Amino acid sequence: MQKMISPNILADLLGVSRMTVSKWIESGKIRLAEKSSGEKGVDISSLKDFPEVYCMASTQWNEELDTVPLRVFSSVELFAGGGGLALGMETAGFRHVLLNEFDHDACETLRHNRPGWNIIEGDIHNVDFSPYRDAVDFISGGFPCQAFSYAGKRLGFEETRGTLFFELARAVKEIRPKVFMCENVKGLLEHDGGRTLNTIKGVIRELGYSLVEPRVLKALNYDVPQKRERLILIAIRDDIAPFVQFRWPEVSPTVRTLRDAFYAGSLYSVDVPKSEGQKYPEAKRKVMERVPEGGDWRDLPEEIAKDYMKGSFGLPGGKTGMARRLAMDEPSLTLTCAPAQKQTERCHPLETRPLTVREYARIQTFPDDWVFCGSLTAKYKQIGNAVPVNLAAAIGRSLIRLFNQIEQLGLVPERERRALPRFSVTPDLFMGVYDVDTPYGS
C-alpha cells in the first residue's frame, strides 16, 4: 500500500492546481514528511480532511479484486471502439454476446484479439436488437456527446431521434436489460447548460429505469497511470431497483505513474515492448529537446517559445499542453488521438519523441498482447479514445457485485430466466471461453 505521495500527485487526486497545494504546505494545512528515498512527500494517513485521498489508507480494493460472478452475465457493447471498455468488462466477468462498432479498423482490432466475439460492423441505426429481448443482462457503451434539438417543450425518447444517444436508448428499449451503463466525457455534466444531461435522465426514466446518481471517476484512482476522467451513468430497471444497492468501486491504494507503465514492476511484469510511433520533424525536435521533464513552453527561451507557438503565445490561459514533456514519476496527462498535436503535446519523459503505440496502450492499461489494427494514425486513435481497461474492470466488478445481488434475491422473472443464455462459469472464464451446454443456474 502506498503511504506517501508527492505534492504534485496530491494535486492531481484532489483536482486542484499545484500552486494551491504549495500554498497549503506553506500555511501548514498540509505537512510534508520525508520519504525513504530522502524526498519530501505527503503521508496519506495525515489527510483526514481530504476524504477523497484519505480513503486510500483503508480501501477494500484488494478484496474487490476477488469478486467473481455467480454465473456468466451476458452483455451487449455499443460504440465498442478498440475494446478498452469491452476488455475491462470481460475481465470483470461479463460475456459479450454482441459488440457494435462503425469504424472498420477498430472492428478488425476486436476480431483479431477476440475471434469468438460477435462483432457487428456498421452503422448502429441499422442494427436490430429485438432478437435479444429479455435475453441479455447488461448493455454498456460510450456514445458521443451531442446536443439535442429543443423545438418542443418536452424532450423524450422519440424526440432524441437522430442522435447516437437515441440509438443506445433504442437498444435498451428493445432488449430490456436489467442494468445498462453509459460512459462519457466529464463535460457532459455542463453540456448545453446542463440540458443535455437532464434530457438523458428524462429518457432513462421514460424507459423504465432508475438512474444511480452519476459520478465522475478519475482513472488514476483505479490502477491507471493517467489523469483521464470519465462520467459514468448506471441505470437499473425499475422492477429491480428498489431491492438492490449499487456500490461504486473502491479506489486503488496506489497511484500509478509512467514508471509503472514503462518498466517491469507490479503493474506489468516486463518493460514496455519496442513498437512503432510517430516522429518529430527536425525543427520541432530541436525545440522539444530544450523542455525539461515535466515541463512545457514556459521553460523555453522566450524567442523560441514565440516562434514555436505563433499566435497562441499571446492568448490568455496557461496553454500547458503546448511543448509539454511528461514526467516519469507522475501519471500521464489524458491521452488524445494523436501524441504530437501542438496544443496537447505528449512527449516522452526522457527521450525527445512522441509516445509509441505500445507506450500509449500501457498508459490505457491494455495488455501487451492486445494488437491494434490499421494505420499508425488509426492505432493511436483507437487507443486514445478508449476507456482505460483497469478503470473499466473496476466498474465491471462493482456491476458484477450488483448482478450477484439480483441473482441471490431471485429478482429475475421466470420468463426471462427461460430466455437467458445457457452459460455457466468454467475455469477458462477470463480467457473468454464458455461452456454453452450447461443449463442456466447450475
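Structure: see above.
Below: a short report on this structure. Residue numbers restart at each chain and count upward from 1, following the sequence in its written direction. For this predicted model, a pLDDT threshold of at least 70 governs which residues receive local features, and a threshold of 80 or more governs which side-chain atom pairs are given and counted, while totals over whole chains, interfaces and linings are taken from all residues. Heavy atoms from the whole structure form the basis of all side-chain values; hydrogens and water molecules are not counted.

## Comments concerning the sheet that holds strand 3 (residues 40-43)
Two pairing modes exist for strands in a sheet, parallel and antiparallel, and in both the strands are linked by backbone hydrogen bonds.
Then comes step 1: One open sheet holds the three strands; their spatial order is 1-3-2, and the pairing between them is antiparallel. Where the open sheet ends on each side, the last strands, each with one partner, are strand 1 (4-5) and strand 2 (32-34).
Then comes step 2: Whether two strands pair comes down to DSSP finding at least two bridges between them. Here a strand is any run of E in DSSP of at least two residues, a helix any run of H or I of at least four, and the numbering for each starts at the N terminus. Judged from the two bridges that link them, strand 1 and strand 3 form a sheet pairing that is antiparallel. Pairing of Ile5 across the sheet is with Val42, part of strand 3.

## A closer look at the pairing of strand 11 (residues 229-237)
Then comes step 1: Burial analysis of strand 11 places eight of its nine residues in the buried class, the great majority of the element.
Then comes step 2: Note: strand 8 (residues 179-185) against strand 11, seven bridges, orientation antiparallel. In the sheet register, Cys182 faces strand 11, and the bridge partner there is Leu233.
Then comes step 3: Bridging between strand 9 (residues 209-211) and strand 11 involves three bridges; their strand directions are antiparallel. In the strand pairing of strand 11, Tyr209 is matched with Arg237.
Then comes step 4: Pairing of strand 10 (residues 215-218) with strand 11, which is carried by four bridges, proceeds in the antiparallel orientation. When the sheet's bridge partners are listed, Leu217 is paired in strand 11 with Arg230. Remark: exposure states derive from per-residue accessible area (1.4 Å probe, protein chains only) relative to the maximum for the residue type, with buried under 20%, exposed over 50%, and partly exposed in between.

## Structural notes on helix 6 (residues 104-113)
Then comes step 1: For helix 6, the full list of buried residues reads Ala106, Cys107, Thr109, Leu110 and Asn113. Considered in projection along helix 6, the buried side chains sweep an arc of 155 degrees and stay on one side of the axis.
Then comes step 2: Residues count as neighbours in contact if any of their non-hydrogen atoms are within 4.5 Å of one another. Among the structural elements, strand 5 (94-101), strand 6 (119-121) and helix 13 (376-385) are those in contact with the buried residues of helix 6.
Then comes step 3: Two N or O atoms form a polar contact when they lie within 3.5 Å of each other; inside protein one atom must be a possible hydrogen donor and the other a possible acceptor, and for residues adjacent in sequence the pair counts only when both atoms belong to side chains. One side-chain oxygen at the N-terminal end of helix 6 lies 3.2 Å from the backbone nitrogen of Asp105; it belongs to Asp103. The arc in question is the one traced by the directions running from the helix axis out to the C-beta atoms.

## Description of the packing of aromatic side chains
Then comes step 1: Ring geometry is summarised as follows: Phe, Tyr and Trp rings, the Trp one being its six-membered ring, pair when their centres sit within 6.5 Å, and such pairs are stacked at plane angles under 30 degrees, edge-to-face over 60 and tilted between the two. A full pass over the atoms with the stated rule returns 14 aromatic pairs.
Then comes step 2: Between the aromatic rings of Trp24 and Phe50, the centroid separation amounts to 5.2 Å while the plane-to-plane angle is 40 degrees, which identifies the pairing as tilted. Of this pair, Trp24 sits in helix 2 (residues 18-27) while Phe50 is found in the loop between strand 3 and helix 3 (51-54), placing the two residues 26 residues apart along the sequence. No difference in accessibility class separates Trp24 from Phe50, as the two residues are buried.
Then comes step 3: Their ring planes at 75 degrees and their centres at 5.8 Å tell us that Trp297 and Phe313 sit as a pair that is edge-to-face. Of the two residues, Trp297 sits in the loop between helix 10 (282-289) and helix 11 (302-309) while Phe313 sits in the loop between helix 11 and helix 12 (357-363), which places them 16 residues apart along the sequence.
Then comes step 4: In textbook terms, an aromatic cluster arises when at least three aromatic residues are bridged by ring pairs, as seen for Phe73, Phe94, Phe138 and Phe403.

## Concerning the environment of Pro331
Then comes step 1: By the element assignment, Pro331 lies in the loop between helix 11 and helix 12.
Then comes step 2: Judged by its relative accessible area of 4%, Pro331 is buried.
Then comes step 3: Sequence separation between Pro331 and Thr59 is 272 residues; the distance between their C-alpha atoms is 20 Å.

## Some thoughts on the packing of helix 1 (residues 7-14) against helix 2
Then comes step 1: For helices, the axis comes from a line fit to the C-alpha atoms of the stretch in contact; other axes are also lines fit to C-alpha atoms, and the angle between any two N-to-C directions lies between 0 and 180 degrees. Where helix 1 contacts helix 2, the two axes come as close as 9 Å, and the packing angle between them is 115 degrees. Between helix 1 and helix 2 lies a crossing of right-handed hand. Counting all contacts with helix 1, which are made through Pro7, Asn8, Leu10, Ala11, Asp12 and Leu14, the residues of helix 2 involved are Arg18, Val21, Trp24 and Ile25.
Then comes step 2: Note that Gly is not counted as nonpolar here; it falls among the polar residues with everything else outside the nonpolar set of Ala, Val, Leu, Ile, Met, Phe, Trp, Tyr, Cys and Pro and the charged set of Asp, Glu, Lys and Arg. Considered class by class, the residues forming the contact of helix 1 with helix 2 number seven nonpolar, one polar and two charged. Crossings are assigned a handedness: left-handed for a near helix turned anticlockwise from the far helix by less than a right angle, right-handed for a clockwise turn.

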